[in-house]
Amino acid sequence: MAVIVRIPSPLRKLTGGLGEVEAKAESIGGLIDALEASYPGIKERVCDETGAVRRFVNIYVNEEDIRFLTHQDTPLKDGDHVSIVPAIAGGRR
Amino acid sequence: MGKMKGLKCRECGKAYPAEPLHVCEFCFGPLEVDYDYEAIAATISRDRIVAGPKSLWRYIDLLPVEKEATVGLHGGFTPMIRATRLGQTLGLDALYLKNDTVNHPTLSFKDRVVAVALTRAREFGFDTVACASTGNLANSVSAHAAQAGFKCFVFIPSDLESAKVLGNLIYHPTVVAVEGTYDDVNRLCSEISGEYRWAFVNINIRPYYAEGSKTLAYETAEQLGWRAPDQVVVPIASGSLLTKIWKGLKEFERVGLITGVKTKVNGAQAAGCSPVATAFAEGRDFIKPVKPKTLAKSLAIGNPADGFYALKTARETGGVIEMVTDDEIVAGIHLLAQTEGVFAETAGGVTIAVLKKLVAQGAIARRDLTVAYITGHGLKTQEAVAGTLGEAVYIEPSLEKFQRRFRLKET
């Protein structure tokens, strides 16, 4: 299942500057692991020590917040758009 | 020395210097001020506070500024009113109102947070201040900026009450009315704050700004005779005020000024914008953003930044978060005015209506020492009560006409 993932600017250092990447996964949990394999370090930014998505990170599948779907178990299908969005937008200052 | 050790992420604990920062670059959590409470406890005392200025600055030892106050010297220290008549009506023996409708200079609790934010902004050397606001904050930033000589940009939703728009313009800031909700305004301001070196009081200065709300708790404890109330009822917009009132009470306990803080912290929202009350009712620990549609525009934040912490505070203290309809809000404004002579804006109506509901539910008991926070003045939201009031009686200037009109007998 290839999905398109939007990467927020604070995490682009990890993706070599890419704002959008493609990944293959069956669920959000699997997607986070797949991203970690390609871009090491991204998982600890998105998930806490228990593996849960951090409180101030929102993940949307086709515009729907995964907290209102089935969290990390949320299934993915070919062509889905996933966005990772920090809840508090940080400025560059 | 210095009472501030720096900033600290509320989520992951990562430490930062005490600079104009607000988001943890690692986990995206909010930053807050990290104090040296041992040093503060060693200096602070009731006597020292009582000898201080009759303003929020009497608590400067617990506020995030490095030197003396330079902006907003007369904010805070507002009346604590024993609300006997309202208490009788609701069935409460010990009800108090913290009356920030008469805060200086712009008649809302925002004069507290802005005094702290702009004093800090000056310490940082900013020459321009700005904010995203549902109205009261913009009024306060505009007034304080005028007095302190900052350049000023305020961003508001385009549908605000006319008095809240006028209440900016009179101070000659740049007023930007954004077509959209407060949440749209806030998002835009986050982007703008990344482009310019401005002190956005509720964005890059937020960790300092938000601390100003603690002074409501400090004053509450001092004015009640150095004790914490059993119950507080606090309106929720971003959720910051409620969180900081609790923090203030706990800090007073921590530095030894009061003991035995067991306050139940209750939250009040309008049904037309109730993301926190809804999460509370559904037992969720995350907030679902909503599109606000309520008379209480000052509380119309659909995606509240501190909603999670407000929820957590209410739950941990045994408080309740309730919501009320627009009709109940208007009835609350009337009830407060008719029993206590206090004319509150819509947020005050929300607070009083929720207070009433909590008493009726038995969540607040007759004997509980209860404080309700009235955070803004009714003259700013006159539209809310228009059409719900009686009219003046017009007569000719004649004693006979007067007596005939009112059927009063001569004495």
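This text follows the structure it describes.
What counts, and at which threshold
- Here, residues in each chain are numbered from 1, in the same order as that chain's written sequence.
- For naming, the first written chain is A and the first written ligand is 1, with later ones following in the order written.
- Whole-chain, interface and lining totals are the exception, using all residues; otherwise, since this is a predicted model, local features are given only for residues with pLDDT of at least 70 and side-chain atom pairs are given and counted only at 80 or more.
- Only DSSP runs of H or I covering at least 4 residues are called helices, and only runs of E covering at least 2 are called strands; the numbering of each starts at the N terminus.
- Radius of gyration here is computed from C-alpha atoms only, and the compact-globule reference equals 2.2 Å multiplied by the residue count raised to the power 0.38.
- Put plainly, a residue is buried at 20 or more neighbouring C-beta atoms within 10 Å of its own, exposed at 12 or fewer, and partly exposed in between, counting only other residues' C-beta atoms, which are placed from the backbone.
- Contact definition: two residues whose C-beta atoms, as placed from backbone geometry, lie within 7 Å.
- What a helix is expected to span follows from its residue count: subtract one and scale by 1.5 Å.
- Here the arc refers to the directions that run from the helix axis out to each C-beta atom.
- For two strands to pair, DSSP has to find at least two bridges joining them.
- Axis lines are fitted to C-alpha atoms, over the contacting stretch for helices. Their N-to-C directions set the angle, which ranges from 0 to 180 degrees.

K.L.:
Where do I start with the overall build of chain B in this structure?
P.N.:
On a plain count of helices and strands, chain B comes out with 15 helices and 13 strands. In terms of overall size, chain B behaves like a compact globule, its C-alpha atoms giving a radius of gyration of 21 Å where 411 residues would be expected to give roughly 22 Å. Overall size of chain B, expressed as C-alpha extent along the three principal axes, is 75 × 45 × 45 Å. Expressed as a percentage of its 411 residues, the buried residues of chain B come to 55%. Pairs at least 24 apart in sequence give 69% of the contacts found in chain B among residues at least 6 apart.

K.L.:
When you look at the overall build of chain A in this model, what are you seeing that I'm missing?
P.N.:
What chain A contains, in helices and strands, is two helices and five strands. The N-to-C order of helical and strand elements in chain A reads β-β-α-α-β-β-β. In summary, chain A has a C-alpha radius of gyration of 12 Å against a globular reference of 12 Å for 93 residues, a match within 12%. Its C-alpha atoms put chain A at 40 × 25 × 25 Å along the principal axes. Taken across its 93 residues, chain A has 27% of its residues classed as buried. Within chain A, counting contacts between residues at least 6 apart in sequence, those at least 24 apart form 52% of the total.

K.L.:
Explain helix H7 (residues 182-193) of chain B to me, please; I cannot follow it from the model alone.
P.N.:
Along an α-helix, residues three or four positions apart point the same way, because every turn accommodates 3.6 residues. Residues and elements named next belong to chain B. Taking 1.5 Å per residue, 12 residues should reach 16 Å; H7 reaches 16 Å between its end C-alpha atoms and fits that length. When H7 is considered as a whole, its buried residues turn out to be Tyr182, Val185, Asn186, Cys189 and Ser193. Looking straight down H7, one finds its buried side chains confined to an arc of 95°; they lie on one side. Elements in contact with the buried residues of H7: strand E6 (128-132), strand E7 (151-157), strand E8 (174-178) and strand E9 (199-200).

K.L.:
Mind showing me how you'd approach helix H4 (residues 110-124) of chain B here?
P.N.:
Residues and elements named next belong to chain B. Taking 1.5 Å per residue as the helical rise, H4 with its 15 residues ought to reach 21 Å, and the 21 Å between its terminal C-alpha atoms agrees with that figure. Most of H4 sits out of view: 13 of its 15 residues are buried. Two residues or fewer past H4, Gly125 is found with a positive phi of approximately 90°.

K.L.:
Looking at this model, I keep getting lost on the interface of chain B and chain A. Mind explaining?
P.N.:
Accessible area lost during the coming together of the parts is what is often quoted as the interface size. Contact with chain B, which involves 19 residues of that partner, is made by 16 residues of chain A. When residues in the side of chain B that touches chain A are grouped by element, the largest group, three residues, is from H7 of chain B.

K.L.:
How should I be thinking about the sheet that holds strand E1 (residues 2-6) of chain A in this particular structure?
P.N.:
Paired through backbone hydrogen bonds, the strands of a sheet run either parallel or antiparallel to each other. Residue and element names in this part refer to chain A. Strand order in this open sheet of five strands is E2-E1-E5-E3-E4, and the pairing throughout is mixed. This sheet does not close on itself; its edge strands, each paired only once, are strand E2 (20-24) and strand E4 (64-65). Running at roughly 115° to E2, helix H1 (residues 28-38) makes contact with E1, E2, strand E3 (57-61) and strand E5 (81-86) of the sheet.

K.L.:
How do you make sense of the pairing of strand E13 (residues 370-374) of chain B when you look at a structure like this?
P.N.:
Two faces make up the sheet, and in a regular strand the side chains alternate between them. Residues and elements named next belong to chain B. Most of E13 is tucked away: five of the five residues are buried. Taking every second residue as pointing to the same face, both faces of E13 are buried, with Thr370, Ala372 and Ile374 on one and Val371 and Tyr373 on the other. Here strand E5 (residues 95-99) pairs with E13 via five bridges, running parallel. Looking at the pairing, Tyr96 lines up with Val371 of E13.

K.L.:
Mind showing me how you'd approach the sheet that holds E9 of chain B here?
P.N.:
All names here are of chain B. Spatial strand order, E8-E7-E6-E9: four strands in an open sheet with parallel pairing. Looking at the sheet topology across the chains shown, the edges are occupied by E8 and E9. When E6 meets E7, the two strands line up parallel, connected through five bridges. When the bridges of E7 are listed, Ala132 appears paired with Phe155. Across the face of the sheet, helix H5 (residues 136-148) comes into contact with E6 and E7 while running at roughly 170° to E7.

Read these as layout, nothing more, since geometry by itself doesn't imply function.
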